[in-house]
Amino acid sequence: MNKKRIWFFGDSWVCTYTGWIKELVEKYDLDVKNYGVAGASIPHLLADISSKIDRIKPDDTVVICYTTTTRHFLNSKNFCAGRLAANNTEEGVSAALEYHKITEPEYLAYKELCKTTGTEDLSQLNLFALKSLHNNIGKLLPKRTVELFGFTPTAPPVKDKIDLLSINYDFEKYPPLFDFITSNNIDYTESVIHIPDSYTEKFLQTYGTLFNFD
């Protein structure tokens, strides 16, 4: 008998086989297809899911974790405006570029794009990509598709653009994962494994009703 499959798309919230992911996979004996990428942007998710959608079967489970709008996609690579700004020393920028395998010319092109277009407008484009994923691509995915948010999509500088999303999602019942860990006093900066194994049970108590393997 073939195993049921579960697909993961997102950033570092879902890119490691640990904690709640491992718990779900082993409990329900699932075949894992994990395409989570640390630092992935929303346009990255849109491109990644679109390229694999023909391989996703109706009885599969798909987990999508939406990331922050301050990450951008250029030349098939992910750029994080916040991270580059926070590491604006020469050493810090070099470390960020190495982490994302970004070349110096690509970095200069990204800086020019931010300068001419504006990071707010780029973030607004990311909201449109999120809306396309949720409202259009989402309709083509299996019924067992679970949407999680790593961060609130109203983060600055695009708070006034939230109405563009038209997203039917209960953020109070299923808070963004960043809010989940900070409310439990977990240090977000310690590791890409943002939700420690010790919080697996609490995670499933909070988000478990989104998953249905029966």
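Placed above this text is the structure.
Could you clarify how one ought to interpret the packing of helix H5 (residues 104-117) against helix H6 (residues 119-135) in this entry?
Packed helix pairs are specified by the crossing angle of their axes together with the interaxial distance, meaning the distance between the axes. Across the interface, H5 lies against H6 with an axial gap of 6 Å and an inter-helix angle of 95 degrees. It follows that H5 is roughly perpendicular to H6 by the angle criterion. Listed contacts from H6 to Leu-113, Cys-114 and Thr-117 of H5 are Thr-119, Asp-121 and Leu-122. Partitioning the contact of H5 with H6 into residue classes produces three nonpolar, two polar and one charged.

Quick question: what am I supposed to make of helix H1 (residues 19-27) here?
An α-helical turn contains 3.6 residues, so any two residues separated by three or four positions project in the same direction. Gly-19, Trp-20, Ile-21, Leu-24 and Val-25 are the residues of H1 that are buried. For H1, the secondary structure elements touched by its buried residues are strand S1 (5-9), strand S2 (31-34), strand S3 (61-66), strand S6 (145-149) and helix H8 (200-207). In the segment just after H1, Asp-29 is the residue with positive phi, at about 50 degrees.

Could you clarify how one ought to interpret unusual backbone geometry in this entry?
Only a minority of non-glycine residues have a phi that is not negative, and only a minority of peptide bonds are not trans. The phi dihedral of Ser-76 is positive, around 60 degrees, even though this residue is not glycine. By the element assignment, Ser-76 lies in the loop between strand S4 (71-74) and strand S5 (77-80). Given the relative accessible area of 63%, Ser-76 is considered exposed. Look at Asn-185: it is not a glycine, yet its phi comes out positive at around 60 degrees. Along the chain, Asn-185 turns up in the loop between helix H7 (177-183) and H8.

Would you take a moment to explain the pattern of salt bridges for this structure?
When their charged atoms lie close together, side chains carrying opposite charge are able to pair. Scanning the entire structure with this criterion turns up six salt bridges. Residues Asp-11 and Arg-71 are paired through a salt bridge, measuring 2.8 Å at the closest nitrogen-oxygen approach. Placement of Asp-11 in the loop between S1 and H1 and of Arg-71 in strand S4 is noted, with a sequence separation of 60 residues between them. Each member of the pair Asp-11 and Arg-71 is classed as buried. Where Glu-106 meets Lys-77, a salt bridge forms, and the shortest distance between an N and an O atom there is 2.9 Å. One end of the pair, Glu-106, is in helix H5; the other, Lys-77, is in strand S5, with 29 residues separating them in the sequence. Taking relative accessible area as the criterion, Glu-106 reaches 12% and is therefore assigned buried. For Lys-77, a relative accessible area of 21% translates into the label partly exposed.

What exactly am I supposed to notice about the pairing of S5 here?
A regular strand carries its side chains on alternate faces of the sheet. Examined bridge by bridge, S4 and S5 share four bridges and lie antiparallel to one another. The partner of His-72 across the bridge, within S5, is Phe-79. Here S4 folds back onto S5, and the loop between the two strands holds two residues, one of which, Asn-75, carries a positive phi near 55 degrees.

When you look at the nonpolar core in this model, what are you seeing that I'm missing?
Of all hydrophobic cores here, the largest spans 42 residues; its most connected members are Trp-13, Trp-20, Val-63, Leu-148, Ile-195, Phe-203 and Phe-211. When contributions to this core are tallied by element, the ones reaching two or more residues are S1, H1, helix H2 (42-52), S3, H6, S6, H7 and H8. Sort the elements by how many residues they give to this core and S3 lands first, with five residues. Apart from the residues lying within four places of it in its own chain, the contact partners of Val-63 are Ile-6, Trp-7, Phe-8, Phe-9, Trp-20, Val-146, Leu-148 and Phe-211. In this structure, Phe-79, Val-93, Ile-102 and Tyr-107 belong to the second largest nonpolar core, which totals eight residues.

Would you mind going over the sheet that holds S1 with me for this structure?
What links the strands of a sheet is backbone hydrogen bonding, and the strands pair in either a parallel or an antiparallel sense. The four strands are arranged S2-S1-S3-S6 in an open sheet whose pairing can be described as parallel. Two strands in the sheet have a free side with no partner beyond their single neighbour: S2 and S6. Averaged over all adjacent pairs, the angle separating strand axes in this sheet is 15 degrees, with direction ignored. Pairing geometry for S1 and S2, over four bridges, is parallel. Residue Phe-8 lies in a different strand from S2, and its bridge partner there is Asn-34. Here H1 sits on the sheet and contacts S1, S2, S3 and S6; the angle it forms with S1, its principal contact strand, is near 165 degrees.

Criteria and cut-off values
- Residues numbered from 1 in each chain as written.
- Predicted model: local features only at pLDDT ≥ 70, side-chain atom pairs only at ≥ 80, totals over all residues.
- Heavy atoms only, no water.
- Axes fitted to C-alpha atoms, helices over the stretch in contact; angles between N-to-C directions.
- Helix = DSSP H or I, 4+ residues; strand = E, 2+ residues; numbered from the N terminus.
- Parallel < 35°, antiparallel > 145°, perpendicular 65-115°, else oblique.
- Contact = heavy atoms within 4.5 Å.
- Nonpolar A, V, L, I, M, F, W, Y, C, P; charged D, E, K, R; others polar.
- Buried < 20%, exposed > 50% of the residue type's maximum accessible area, 1.4 Å probe, protein only.
- Salt bridge = Lys/Arg side-chain N within 4 Å of Asp/Glu carboxyl O.
- Pairing = 2+ DSSP bridges.
- Core = buried A, V, L, I, M, F, W, Y, C linked by side-chain atoms within 4.5 Å.

Just distances and angles here, no functional claims.
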